[in-house]
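For reference, the chains in residue letters:
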Amino acid sequence: MIDWHFIAIIMPRLLRACGQTMGISLCSLSLATILGLSVALLRLSPIRVLGTAAWTYVWLVRGTPLLLQLFALYYAVPLTGLRLDPWLAGVLALGFNSAAYFSEIFRAAIQSIPPGQSEAAIAIGMGPATTLWKIVLPQALRPALPPYIGQAITLIKNSSLVSVIAVPDLMQTAQSIYSVTFKVVEVMLATGVLYLFMTTLLQIAQTWLERRLNYYTVK
Amino acid sequence: MSIVTFRNVGKTFGSRPVLQDVSLDIEEGQVAALIGPSGAGKSTLLRCVNQLERHSAGEISVDGLVIGTHTRSRDLTALRRRVGMVFQSFNLWPHLSALENVMIGPTSILKTPLSQARRQAEHLLDQVGLAAHMAKYPGQLSGGQQQRVAIARALAMEPRVMLFDEATSALDPEMVQEVLGVMERLAAAGTTMLVVTHEMSFARRVADRIIFMADGQIVEDAMPEDFFSAPREARSRAFLERAHLS
Ligand SMILES: Nc1ncnc2c1ncn2[C@@H]1O[C@H](COP(=O)(O)OP(=O)(O)OP(=O)(O)O)[C@@H](O)[C@H]1O
Ligand SMILES: [Mg+2]
């Protein structure tokens, strides 16, 4: 039998931890979005070394486990004399990691815009930066959105890994509760519902944004 | 005074020559029709004028700006502001309304104040017969309407010369005339135009000059009456015979 009363008692503590997870996720999501777009633009730049640098970044980050990257930031970086607190190490690891995936999403979306679109902009004398911001990126948002949200959902779930470096996030809090009470099922049930709540918010955001971004295709 | 000058211009794609030793002078106010078989290099020649294709030999000058084969790409935007281009596939920006498509060049490139750019865009769209469709998105417009927006978009930059690359080839037959009509009015208003077209009757009626190309070279350059009634070159004759048959 599930002990509902117990769940009610631990809920306030889990909710606070859920706030922690949201904070970490939002910070790393912002970092990953900006970094991911930059890496995508480097990948697409005509300057070879920049393209190669971006490719190498994606190759390294996607080719190794997130847990290992987290350890690298938390345990290896201090060897250089720079100590990161667990929260910051967690945000950086999640941000750098997701940026690699985001960059591929953005790159594919940008490349899906027909070349005639930027050609028409170049032909009236628009510079490359304006062409990117006013012509290409606004159109790339629509195809980028579904995979972007998908990756953001992965980021939220991956954020549970920061519990291993003792960040008091939702997962870490859940573990510390059941390791004393042994009520694993109740704790994980409540925790699962909270993760589902956070990812559902993103799903709703996706539906809403898709409708907004369709303004010019709906006849 | 000539607005567009080609001096011994060559263009190769890889090792393949597509333009060979092309020399050409287009006078201010002139309407030149570029015709010739598929693969002759008509589009390439047109795209060299605004440097969407960089040429590989010779020199091009547009409105006094001299463009060599090594001109830095940063300096090409100044050239492109003086040249308007209309594409076969319209290439309107689907996320912007017709009005915004026309306004964005002046506001973002020339820094024209918004209200002024808006008035100018409304005026241009009115002139191409789209006063009732300014708020629509390209996806809501017919092909002929889209191409007329594209013409207004190019004109908004107040170019010194307009390039048309088969502007009516992608249109359903019933929409060809509305676009040709706009082009004819532009020509009558004294716009300098370089027009690649398969519409022979349009070329004959509207152009001041026919430039016939084949295999990357200008084969014949003549007045429309002379070209269509008595072509000098054997290849021009063969081309015209085939054009009449089809
Ligand atoms: N980007 C490119 N890369 C390689 N070859 C090209 C490229 N663009 C054009 N060509 C080649 O150059 C030649 C001239 O092409 P161009 O498009 O200028 O011909 P055109 O006269 O406009 O023909 P059409 O009437 O079919 O439009 C063609 O043989 C074409 O295959
Ligand atoms: Mg062509």
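So, how was this worked out
Residues numbered from 1 in each chain as written. Chains lettered and ligands numbered in written order. Predicted model: local features only at pLDDT ≥ 70, side-chain atom pairs only at ≥ 80, totals over all residues. Heavy atoms only, no water. UniProt positions renumbered as here; feature names shortened; annotations may be inferred. Helix = DSSP H or I, 4+ residues; strand = E, 2+ residues; numbered from the N terminus. Contact = heavy atoms within 4.5 Å. Buried area = accessible area lost by both parts, 1.4 Å probe. Salt bridge = Lys/Arg side-chain N within 4 Å of Asp/Glu carboxyl O. Polar contact = N/O pair within 3.5 Å; in protein donor to acceptor, adjacent residues only side chain to side chain. Nonpolar A, V, L, I, M, F, W, Y, C, P; charged D, E, K, R; others polar. Buried < 20%, exposed > 50% of the residue type's maximum accessible area, 1.4 Å probe, protein only. Pairing = 2+ DSSP bridges. Axes fitted to C-alpha atoms, helices over the stretch in contact; angles between N-to-C directions. Near = heavy atom within 4 Å. Areas by Shrake-Rupley, 256 points an atom, 1.4 Å probe, with all protein chains shown as cover. Parallel < 35°, antiparallel > 145°, perpendicular 65-115°, else oblique. Left-handed = near helix turned anticlockwise from the far one by under 90°.

Attention shifts here to the UniProt feature "domain: ABC transporter" (unreviewed entry) in chain B. The UniProt feature table records "domain: ABC transporter" (unreviewed entry) at residues 4-240 of chain B. Between the C-alpha atoms that bound residues 4-240 of chain B there is a distance of 27 Å. The span itself is 37% helix and 26% strand.

It is worth spelling out the interface of chain B and chain A at this point. At the interface, 24 residues of chain B touch 20 residues of chain A. Summed over both sides, the interface of chain B with chain A buries roughly 1,900 Å², with 64% coming from carbon and sulfur. Area buried by chain B at its contact with chain A is led by B:Arg80, B:Trp93 and B:His95, which between them contribute 31% of it. Where chain B packs against chain A, one counts one salt bridge. B:Arg47 is the partner of A:Glu119 in a salt bridge, and the nearest nitrogen-oxygen pair spans 2.8 Å. Summed over the shared surface of chain B and chain A, the result is seven residue pairs in polar contact (both at pLDDT 80 or more). Of all the secondary structure elements, the ones that give two or more residues to the side of chain B that touches chain A are helix H2 (76-81), strand S6 (83-86) and helix H3 (98-108) of chain B. Its residues assigned to classes, the side of chain B that touches chain A comprises twelve nonpolar, eight polar and four charged.

A word on the environment of A:Ile113. Residue and element names in this part refer to chain A. Along the chain, the position of Ile-113 falls in the loop between helix H4 (86-111) and helix H5 (115-123). The class of Ile-113 is buried, set by a relative accessible area of 12%. For Ile-113 and Tyr-148, which are 35 residues apart along the polypeptide, the C-alpha to C-alpha distance reads 17 Å. Residue contacts for Ile-113: discarding those within four places in its chain leaves Val-136, Gln-139 and Ala-140.

Looking now at the sheet that holds strand S7 (residues 161-165) of chain B. Residues and elements named next belong to chain B. The mixed open sheet is built from six strands, whose spatial order is S6-S7-S8-S3-S9-S10. Either end of the sheet is taken by a strand with one partner, and the two such strands are S6 and strand S10 (217-222). Averaged over neighbouring strand pairs, the angle between their axes works out to 20° when direction is ignored. Bridge count between strand S3 (residues 31-35) and strand S9 (residues 209-214): four bridges; the pairing is parallel. Among the inter-strand pairings, Leu-34 is bridged to a residue of S9, identified as Ile-211.

This part takes up the site of ligand 1. Residue and element names in this part refer to chain B. By nearness alone, every residue bordering ligand 1 is listed as Phe-13, Arg-16, Val-18, Pro-37, Ser-38, Gly-39, Ala-40, Gly-41, Lys-42, Ser-43, Thr-44 and Glu-166. At a separation of 2.9 Å, an oxygen atom of ligand 1 approaches a polar backbone atom of Gly-41. Between an oxygen atom of ligand 1 and a side-chain N or O atom of Lys-42, the distance comes to 2.8 Å. Here ligand 1 has 640 Å² of accessible area as a free molecule, and 63% of this is covered by the chains.

Residues and elements named next belong to chain A. Where H5 meets helix H6 (residues 128-158), the closest approach of the two axes is 10 Å, and the angle between their N-to-C directions is 160°. One element, H5, and the other, H6, form an angle in the roughly antiparallel class. Judged by the twist between their axes, the crossing of H5 over H6 is right-handed. Mapping the contact onto sequence places Gln-117, Ser-118 and Ala-121 in H5 and Thr-131, Ile-135, Val-136 and Gln-139 in H6. Grouping the constituent residues of the contact of H5 with H6 by class yields three nonpolar, four polar and no charged.

With that settled, the discussion passes to the pattern of salt bridges. Evaluated as defined, the whole model comprises 17 salt bridges over all chains. Close ionic contact of A:Glu210 with A:Arg142 constitutes a salt bridge, the shortest N to O distance being 3.9 Å. Here the residue A:Glu210 occupies a position in helix H8 (residues 184-213), and A:Arg142 occupies one in helix H6, the gap between them amounting to 68 residues. On the accessibility criterion, A:Arg142 (24% relative accessible area) is partly exposed. Between B:Arg7 and B:Asp25 there is a salt bridge; the shortest N-O distance is 3.1 Å. Here the residue B:Arg7 occupies a position in strand S1 (residues 2-13), and B:Asp25 occupies one in strand S2 (residues 16-27), the gap between them amounting to 18 residues. Residue classification places B:Arg7 among the partly exposed positions, given a relative accessible area of 38%. Residue B:Asp25 is classed as partly exposed on the basis of its relative accessible area, which comes to 26%.

Further remarks concern the side chain of A:Ser159. Residues and elements named next belong to chain A. Inspection of the secondary structure puts Ser-159 in the loop between H6 and helix H7 (170-181). Within the structure, the side chain of Ser-159 is placed 2.6 Å from the backbone oxygen of Ile-156, a separation counted as a polar contact. Apart from residues lying up to four places away in sequence, Ser-159 is in contact with Thr-21, Ser-25, Leu-94 and Asp-169.

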